[in-house]
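Below, each chain spelled out in residue letters.
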Amino acid sequence: MVITCHKSPDGDALGSSLALCHVLQRLGKEVNVVTPDMAPKALEFVPGVFNIVVMTKQEARAQKLLQEAQIVFCLDYNALKRVDRLAEVIEPLNTPRVLIDHHLDPEGDFDVCISHPEASSTCELVFRVFMQMGLLRYMDRKAASCLYVGLTTDTGGFAYSCENPEFYEILASIMRRRIDRIWLYNKAMNTFSAESIRLQGYALSQKMQLFPEQGASLITLNKEELERFNYQRGDTETLVNKPLAIPEVYWSVFLREDTDRIKVSCRSQGDFSVSDICARYFNGGGHANAAGGEFFGTLAEAEKVFYKVLADLFPNNDKEEQQTTELK
Ligand code: 5GP
Ligand code: MN
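What you are looking at is a predicted structure, and each value in this text was computed from that prediction instead of being measured.

**Section: the nonpolar core**
Argument step 1. Membership of the largest hydrophobic core comes to 47 residues, with the highest contact counts inside it found for I3, L20, F130, M139, L147 and I174.
Argument step 2. Looking at this core, the elements that each hand over two or more residues are helix 1 (11-26), strand 4 (72-75), strand 5 (97-101), helix 4 (122-132), helix 5 (141-153), helix 6 (165-175) and helix 7 (181-189).
Argument step 3. With sequence-adjacent residues up to four places away left out, F130 is seen in contact with A19, L20, V23, L135, L136, M139 and L147.
Argument step 4. L255, F272, I277 and L310 belong to the second-largest nonpolar core, a separate cluster that totals 24 residues.

Here it is as structure tokens:
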């Protein structure tokens, strides 16, 4: 069996994949986690992360495991394009595919499709699968710790997407496995290098633009700025959330210049959905309040697209244009 999750894996992708892997191993199954690329350094604390087979590092082994697998699990993604080059290996296989995910509108052929966008996280869904299959007795401290990571990171530290009271019953069951909760929480939510803290400070003090009339905030970071602070993957993980602390801001956009693309991250509060914005303007998607995408062009062009989003969504905010129209 092979468990896969999306590229640039986050706490939920890794936590759900590794928890499922631990439980299946305890059931005596031969199972491996295969990811499109490396986990960020900040997530190396998740139990089992060093056993993952990474496509960009061990391509032949990743291919062989997938070709020989009797089941392929697809965790925390809703379309094969989210697994980069792993998609080319998975697509032609006749192997049954099991999707466990909480993103909207899964695309593609899955033999079993456990898709619940209302769930806090894929970790929550993996827990529910364990429960419904009578496998909770195989969920040891290690597996529970992995699930705790995803439940924590995908809810911003229990700030959103955790309104269902059952979420806390799941947490209670995980707590009973005597996980080191405070240590895990701090590792998952509040551990950054000094350079990362300085980079975030710089971005917030020098690069945050506010658009109070549209309730928006924009932060951009180019390659030179990232290099100046010795940027490592994961260093700006929660930066996009910060402007939401400002009462006037209910949606926040972060554009980061990557090697061959601009990485887009969006967050929002309340009914304002950013997943549609990411789908329509930035080749992406995600959840209503946390979405992302990518833009193929320069940072300046991506910024222009952001201004187009502002103009499209808030046409009446352009007061000058409104006055000119009235005068005509
Ligand atoms: P982040 O801003 O942390 O990279 O992503 C937030 C959420 O947006 C992720 O959990 C994922 O659901 C979604 N997301 C991020 N990047 C992409 C992308 O390139 N394509 C799609 N479809 N969704 C993305
Ligand atoms: Mn997730």
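**Considering helix 4**
Argument step 1. Counting buried residues in helix 4 gives 9 out of 11 residues, a clear majority hidden from the surface.
Argument step 2. By the burial criterion, the buried members of helix 4 are T122, C123, E124, L125, V126, F127, R128, V129 and F130.
Argument step 3. G134 sits one or two residues past helix 4 and shows a positive phi near 70°.

**So, the pairing of strand 8 (residues 216-221)**
Argument step 1. By the criterion of burial, strand 8 is predominantly enclosed, with 6 of the 6 residues buried.
Argument step 2. On strand 8, burial covers both faces: A216, L218 and T220 on one face and S217, I219 and L221 on the other are all buried.
Argument step 3. As consecutive antiparallel partners, strand 7 (residues 208-211) and strand 8 are separated by 4 residues, and within that stretch G215 has a phi angle of approximately 65°, a positive value.
Argument step 4. Pairing of strand 8 with strand 9 (residues 251-257) involves 6 bridges; the strand directions are parallel. In the strand pairing of strand 9, I219 is matched with F254.

**Comments concerning the packing of helix 5 against helix 7**
Argument step 1. Two elements in contact, helix 5 and helix 7, have axes whose closest approach is 10 Å; the angle formed by their N-to-C orientations is 50°. As the angle between them shows, helix 5 and helix 7 are arranged oblique. With respect to the hand of their crossing, helix 5 and helix 7 are arranged in right-handed fashion. Facing helix 5, whose interface residues are S145, Y148, V149, T152 and T153, helix 7 presents R181, L184, Y185, A188 and M189.
Argument step 2. Taken together, the residues that form the contact of helix 5 with helix 7 break down as 6 nonpolar, 3 polar and 1 charged.

**Quick notes on the side chain of H6**
Argument step 1. Along the chain, the position of H6 falls in the loop between strand 1 (2-5) and helix 1.
Argument step 2. Relative accessible area serves as the criterion here: at 4%, H6 is assigned to the buried category.
Argument step 3. Among the polar contacts listed, one links the side chain of H6 to the side chain of D10, at a separation of 3.5 Å.
Argument step 4. Within the structure, the side chain of H6 is placed 2.9 Å from the side chain of D76, a separation counted as a polar contact.
Argument step 5. Contacts of H6, omitting those with residues within four sequence positions, involve A13, P36, L75, D76, Y77, R82 and V83.

**Side note on the pattern of salt bridges**
Argument step 1. All told, the structure shown has 17 salt bridges when counted by the stated rule.
Argument step 2. We note a salt bridge from E225 to K207, for which the minimum N-O separation is 2.8 Å. In this pair, E225 sits in helix 9 (residues 223-228) while K207 sits in helix 8 (residues 194-207), placing the two residues 18 residues apart along the sequence.
Argument step 3. Accessibility expressed as a relative area gives 17% for K207, which makes it buried.
Argument step 4. A salt bridge links R280 to D312, with the shortest nitrogen-to-oxygen separation between them at 3.9 Å. Of this pair, R280 sits in helix 10 (residues 275-281) while D312 sits in helix 11 (residues 299-313), and the two are 32 residues apart along the sequence.
Argument step 5. Residue classification places D312 among the partly exposed residues on the basis of a relative accessible area of 31%.
Argument step 6. Three or more residues joined by partner-sharing salt bridges are found here, namely K7, D84, D260, R261 and E294.

**Remarks on helix 7**
Argument step 1. What helix 7 keeps buried is the set L184, A188 and M189. Across the axial projection of helix 7, the buried residues extend over an arc of 105°, all falling on one side.

Reading guide: rules and limits
- Residues take numbers from 1 onward in each chain, read along the sequence in its written order.
- A letter from A marks each chain and a number from 1 marks each ligand, given out in the order of writing.
- Since the coordinates come from a predicted model, pLDDT governs what is reported: local features require at least 70, and pairs of side-chain atoms require 80 or more to be given and counted, while whole-chain, interface and lining totals use all residues.
- Neither water nor hydrogens contribute to the side-chain values; these are computed over all heavy atoms in the structure.
- Buried residues of nine kinds, namely Ala, Val, Leu, Ile, Met, Phe, Trp, Tyr and Cys, make up a nonpolar core once their side-chain atoms join them within 4.5 Å.
- Only protein chains enter the accessibility calculation, which uses a 1.4 Å probe. A residue is then buried if its area is under 20% of the maximum for its type, exposed if over 50%, and partly exposed in between.
- Only DSSP runs of H or I covering at least 4 residues are called helices, and only runs of E covering at least 2 are called strands; the numbering of each starts at the N terminus.
- Any two residues having at least one pair of non-hydrogen atoms within 4.5 Å are treated as being in contact.
- When DSSP finds at least two bridges between two strands, those strands are taken to pair.
- Simply put, an axis is a line fit to the C-alpha atoms, just over the touching stretch for a helix, and the angle between two N-to-C directions goes from 0 to 180 degrees.
- Roughly parallel covers angles under 35 degrees, roughly antiparallel covers those over 145, roughly perpendicular covers 65 to 115, and oblique covers all other angles.
- Two helices that cross are described as forming a left-handed crossing if the nearer one is turned anticlockwise from the farther one by less than a right angle, and a right-handed crossing if clockwise.
- Under the convention adopted here, Pro, Cys and the residues Ala, Val, Leu, Ile, Met, Phe, Trp and Tyr are nonpolar, Asp, Glu, Lys and Arg are charged, and Gly plus all remaining residues are polar.
- Polar contact is the term for a pair of N or O atoms within 3.5 Å; when the atoms are in protein, one must be able to donate a hydrogen and the other to accept it, and sequence-neighboring residues count only if both atoms are side-chain atoms.
- Salt bridges are defined as contacts in which a side-chain nitrogen from Lys or Arg sits within 4 Å of a carboxyl oxygen from Asp or Glu.
- In this description, one arc is meant: the one made by directions from the helix axis to the C-beta atoms.

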